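The primary structure of each chain is shown beneath.
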Amino acid sequence: MKLDPDLLTRYLHRLRNQSEWMTLNEVGETLKMDRATSRRYTKLAMEWGLVERQQQENQPTLVRATEKLVELDPSEVRSVVNTHCAK
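These remarks concern the structure in this document. (Residues numbered from 1 in each chain as written. Predicted model: local features only at pLDDT ≥ 70, side-chain atom pairs only at ≥ 80, totals over all residues. Heavy atoms only, no water.)

**Remarks on the packing of helix α1 (residues 5-16) against helix α3 (residues 35-47)**
So, step 1. As a packed pair, α1 and α3 sit with axes 11 Å apart at the nearest point and diverge in direction by 70 degrees. It follows that α1 is roughly perpendicular to α3 by the angle criterion. Facing α1, whose interface residues are L7, L8, Y11 and L12, α3 presents T37, S38, Y41, T42 and A45.
So, step 2. Per-class residue counts for the contact of α1 with α3 are six nonpolar, three polar and no charged. (Axes fitted to C-alpha atoms, helices over the stretch in contact; angles between N-to-C directions. Helix = DSSP H or I, 4+ residues; strand = E, 2+ residues; numbered from the N terminus. Parallel < 35°, antiparallel > 145°, perpendicular 65-115°, else oblique. Contact = heavy atoms within 4.5 Å. Nonpolar A, V, L, I, M, F, W, Y, C, P; charged D, E, K, R; others polar.)

**Topic: the packing of α1 against helix α5 (residues 74-85)**
So, step 1. For the pair α1 and α5, the least separation of the axes is 10 Å and the interaxial angle reads 135 degrees. Relative to α5, the element α1 lies oblique. Read as a crossing pair, α1 and α5 show a hand that is right-handed. For the pair formed by α1 and α5, the contact residues are P5, D6, L8, T9, L12, H13 and R16 on the first element and P74, V77, R78, V81, N82 and C85 on the second. (Left-handed = near helix turned anticlockwise from the far one by under 90°.)

**Topic: the pattern of salt bridges**
It is possible for side chains bearing opposite charge to pair when their charged atoms get close.
So, step 1. Across all of its chains, the model carries two salt bridges by this definition.
So, step 2. A salt bridge links E52 to R64, with the shortest nitrogen-to-oxygen separation between them at 2.9 Å. Highlighted residues: E52 in strand β2 (residues 51-54) and R64 in strand β3 (residues 62-65), separated in sequence by twelve residues.
So, step 3. Using a relative accessible area of 32% as the deciding quantity, one classes E52 as partly exposed. (Salt bridge = Lys/Arg side-chain N within 4 Å of Asp/Glu carboxyl O. Buried < 20%, exposed > 50% of the residue type's maximum accessible area, 1.4 Å probe, protein only.)

Structure follows, in structure tokens:
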């Protein structure tokens, strides 16, 4: 799976700067990502402990930043992405 570190960093910053739950589609649309990419990046960020996801029956998938992501400095977000993309 090919990752775009710039897009993934922007995705994480978008969630980090949003204090409330957002629909996964809304995040993807604002960054001009297709649905598959936004889902893939959400899954990765969840594995890293940076994003949490909420799915309720017959409702859109919601995502938000975890405290771990919010507490990172903006430059640290990029470092986390680069570290994980290098693996």
